[in-house]
Amino acid sequence: MAGAVTTHLSDKASIRPKHTTEAPIIRWVLIAAALLFLGLIVVLPLASVFVEAFKKGAGVYAASITDPDAVSALKLTLLAAAISVPLNTLFGIAAAWAISKFYFRGKNLLITLIDLPFAVSPVIAGLIFILLFGAQGWFGPWLDDHNIQIVFALPGIVLATTFVTFPFVARELLPLMQAQGIQEEEAAASLGAKGWQIFWRVTLPNIKWGLLYGIILCNARAMGEFGAVSVVSGHIRGETNTLPLHVEILYNEYQFSASFAVASLLVLLAVFTLVVKSFVEWKTAQREPDGERSGEHAH
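Residue numbers here run from 1 along each chain, matching the order of that chain's written sequence. Local features in a predicted model are, by the rule used here, given only for residues with pLDDT of at least 70; side-chain atom pairs are given and counted only at 80 or more, and totals for whole chains, interfaces and linings are based on all residues. In computing side-chain values, all of the structure's heavy atoms are included and hydrogens and water are not.

A.B. asks: Help me understand helix H9 (residues 167-180), please; the structure alone is not making it clear to me.
C.D. replies: Each full turn of the α-helix corresponds to 3.6 residues, which orients residues three or four apart in the same direction. The way it works is that DSSP assigns letters per residue, a run of H or I at least four long becomes a helix, a run of E at least two long becomes a strand, and they are numbered from the N terminus. The span you would expect from a helix comes to 1.5 Å times its residue count less one. Between the first and last C-alpha of H9 there are 20 Å, a value that for 14 residues agrees with the 20 Å anticipated at 1.5 Å per step. Bend, at a single residue, is the angle you get between axes fitted to the 7 residues ending at that residue and the 7 residues starting at it. A bend of about 25° at Leu 174 is the largest found in H9, and the proline Pro 175 appears one to four places after it. Every buried residue belonging to H9 is among Pro 167, Phe 168, Val 169, Ala 170, Leu 173, Leu 174 and Met 177, and all of these are buried. Each element contacted by the buried residues of H9 is listed here: helix H4 (68-101), helix H5 (107-119), helix H8 (154-165) and helix H11 (195-224). Working definition: with a 1.4 Å probe on protein chains only, accessible area under 20% of the residue-type maximum means buried, over 50% means exposed, and in between means partly exposed. Whether two residues are in contact is decided by their heavy atoms: any pair within 4.5 Å suffices.

Rendered as structure tokens:
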């Protein structure tokens, strides 16, 4: 009897309801529509950047990206990202840890403040730093008396970049850590593990991919930020121009090939970031023990 019931249930499970299946033509239409949209929105614009960059030949392209102002803009872009991304990574980990693992007053306010840069225009963010640290700003006279320059210099660019990018790591980690709960950390603490040991051995392995994705998003936005940096930089060639600002200047001067050549550097930086992500994922998968992989397949 039990065997007959089991056979009957398996036969019912093998029957797929008609409303959950689609004709092959529908699937191909959906796939074609997705590929067409992706091609028009992503592939075609990126390809056009390189077409325009090489329109006047490889010599013009090489001269454009090796121009001293372009090299200076590239160095400043990388430097601003190298400073702001680690700061935002530390803040994001600390904020996500505090919000997801502890109960305290003002938690909702902290979450709102983390989301604030998403709601505030980058141009407004730049104006805020001008209001605070500009020559006529609140702290301007004090900074001038102590020969400290914030706006129209590297510190202002780093502050603006950090402000517009600091939600990315925190917002990537927060839902992940909230979903995981605190049971594993409590178990580790009951076994005598300390705070840093709990984070390094329990929490970090569970959030490593979310952390990596957050860092990648933060880095991409930091290198491509325009609005806030444009306000606080002063557009000083060879000193405070980042790559996006240098592209704008070249385009406004009708140096189209040069502007697209410099823009291609931003595209290549983005591609390099994705390659690094894929490499890290591959290396991590290679280092996983065979038993862990077989357990994952079993699940």
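A.B. asks: Is there a simple way to think about a nonpolar patch on the surface in this case?
C.D. replies: Residues enter patches when they are more than 30% accessible in relative terms and free of salt bridges; like-charged ones are connected within 9 Å and nonpolar ones (Val, Leu, Ile, Met, Phe, Trp, Tyr) within 5 Å. The accessible surface values rely on the Shrake-Rupley method and a 1.4 Å probe; as for residues, cover is taken only from the protein chains in view. The salt bridge definition used is simple: a Lys or Arg side-chain nitrogen within 4 Å of an Asp or Glu carboxyl oxygen. Residues Trp 28, Ile 31, Leu 35, Leu 36, Phe 37, Leu 38, Leu 40, Ile 41, Val 42, Val 43, Leu 44 and Leu 46 make up a contiguous nonpolar surface patch of about 1,200 Å² in total accessible area. Along the chain, Val 42 turns up in helix H2 (residues 24-53).

A.B. asks: What exactly am I supposed to notice about H2 here?
C.D. replies: With 30 residues, H2 should reach 44 Å at 1.5 Å per residue; the first-to-last C-alpha distance of 41 Å fits that figure. The axis of H2 is deflected most strongly, by about 45°, at Gly 39.

A.B. asks: Would you mind going over the packing of aromatic side chains with me for this structure?
C.D. replies: Aromatic pairs are defined between Phe, Tyr and Trp rings, using the six-membered ring for Trp, whenever the two ring centres lie within 6.5 Å; interplanar angles under 30 degrees are classed as stacked, those over 60 as edge-to-face, and all others as tilted. The full count for this structure, using the stated rule, is 10 aromatic pairs. Ring centres of Phe 91 and Phe 166 lie 5.2 Å apart, and the angle between their planes is 85°; on these two criteria the pair is classed as edge-to-face. Placement of the pair is Phe 91 in helix H4 and Phe 166 in the loop between H8 and H9, with a sequence separation of 75 residues. Residue Phe 91 is classed as partly exposed on the basis of its relative accessible area of 32%. Their ring planes at 65° and their centres at 6.2 Å tell us that Phe 163 and Phe 166 sit as a pair that is edge-to-face. No difference in accessibility class separates Phe 163 from Phe 166, as the two residues are buried.

A.B. asks: I tried to follow the side chain of Ser 100 on my own but got confused; where do I start?
C.D. replies: Summarising the element assignment, Ser 100 is placed in helix H4. Within the local environment of Ser 100, its side chain forms a polar contact with the backbone oxygen of Ala 96, the two atoms lying 2.5 Å apart. Setting aside chain neighbours within four positions, we find Ser 100 in contact with Leu 174, Met 177, Gln 178 and Ile 182. Any N or O atom pair separated by 3.5 Å or less is treated as a polar contact, with the protein-specific requirement of one donor-capable and one acceptor-capable atom, and with residues adjacent in sequence counted only for side-chain atom pairs.

A.B. asks: Would you explain the packing of helix H6 (residues 122-133) against H8 in this entry?
C.D. replies: Between two packed helices, the angle of one axis relative to the other and the distance separating the axes together describe the packing. Whenever a helix is involved, its axis is fitted only over the stretch in contact; in every case the axis is a line through C-alpha atoms, and angles between N-to-C directions fall within 0 to 180 degrees. Where H6 contacts H8, the axes come no closer than 10 Å and their chain directions differ by 135°. Considered as vectors, H6 and H8 are oriented oblique to each other. When you trace H6 past H8, the crossing you get is right-handed. Of the residues in H8, those in contact with Pro 122, Ala 125, Phe 129 and Phe 133 of H6 are Leu 159, Ala 160, Phe 163 and Val 164. Its residues assigned to classes, the contact of H6 with H8 shows eight nonpolar, no polar and no charged. An angle counts as roughly parallel when it lies under 35 degrees, as roughly antiparallel when it exceeds 145, as roughly perpendicular when it falls between 65 and 115, and as oblique in every other case. Take the far helix as the reference: if the near one is turned anticlockwise from it by less than a right angle, the crossing is left-handed, and if turned clockwise, right-handed. Under the convention adopted here, Pro, Cys and the residues Ala, Val, Leu, Ile, Met, Phe, Trp and Tyr are nonpolar, Asp, Glu, Lys and Arg are charged, and Gly plus all remaining residues are polar.

A.B. asks: Explain the nonpolar core here, please?
C.D. replies: Considering soluble globular proteins, one finds that nonpolar side chains tend to be buried as a cluster. Nonpolar core, defined: a set of buried Ala, Val, Leu, Ile, Met, Phe, Trp, Tyr and Cys residues in which side-chain atoms within 4.5 Å join the residues together. With 27 residues, the main nonpolar core has Leu 173, Leu 211, Leu 243 and Val 262 as its most contacted residues. Broken down by secondary-structure element, the contributors of at least two residues to this core are H4, H9, H11, helix H13 (243-252) and helix H14 (256-287). The biggest single contributor to this core is H11, with seven residues. For Leu 243, the contacting residues outside a window of four places in its chain are Ala 70, Ala 73, Leu 74, Thr 77, Val 262, Leu 265, Leu 266 and Leu 269. With eight residues, the next largest nonpolar core counts Ala 125, Phe 129, Ala 160 and Phe 166 among its residues.

A.B. asks: Explain the packing of H4 against H8 here, please?
C.D. replies: For the pair H4 and H8, interaxial distance at closest approach is 9 Å and the crossing angle is 50°. By the angle class used here, H4 and H8 are oblique. Read as a crossing pair, H4 and H8 show a hand that is right-handed. Seen from H4, the contacting residues are Leu 76, Leu 79, Ala 80, Ile 83, Ser 84, Leu 87 and Asn 88; seen from H8, they are Leu 154, Ile 157, Val 158, Thr 161, Thr 162 and Thr 165. When grouped by side-chain class, the residues that make up the contact of H4 with H8 number eight nonpolar, five polar and no charged.

A.B. asks: Just to check I follow, could you spell out the confidence of the model for the chain for this structure?
C.D. replies: In low-pLDDT segments, the atomic positions of the prediction should not be examined closely. Scored from 0 to 100, pLDDT reflects the predictor's confidence in each residue. With 87% of its residues at a pLDDT of 70 or more, the chain shows a mean pLDDT of 83. For the chain, the element scoring lowest by mean pLDDT is helix H15 (residues 290-298), at 42; H8 scores highest, at 94. Contacts from residues 4-16, a stretch scored under 50 in pLDDT, to residues over four places away or in other chains number one contact. In this model residues 290-299 is a low-confidence stretch, pLDDT under 50, and it forms five contacts with partners more than four residues away in sequence or in other chains.

A.B. asks: Any chance you could explain the environment of Pro 45 here in plain terms?
C.D. replies: Of note, Pro 45 is situated in helix H2. Judged by relative accessible area, Pro 45 falls into the partly exposed class, the value being 34%. Dropping the residues within four chain positions of it, Pro 45 is found in contact with Gly 39 and Leu 40.

A.B. asks: Mind showing me how you'd approach the pattern of salt bridges here?
C.D. replies: When their charged atoms lie close together, side chains carrying opposite charge are able to pair. Counting across every chain of the model gives four salt bridges. Close ionic contact of Arg 237 with Glu 253 constitutes a salt bridge, the shortest N to O distance being 2.4 Å. On the criterion of sequence distance, the pair formed by Arg 237 in the loop between helix H12 (227-233) and H13 and Glu 253 in the loop between H13 and H14 is long-range, its members being 16 residues apart. Its relative accessible area of 35% is what places Arg 237 among the partly exposed residues. Of the residues examined, Glu 253 reaches a relative accessible area of 38% and is grouped as partly exposed. A single network of salt bridges, built from pairs that share partners, joins Asp 69, Arg 237 and Glu 253.

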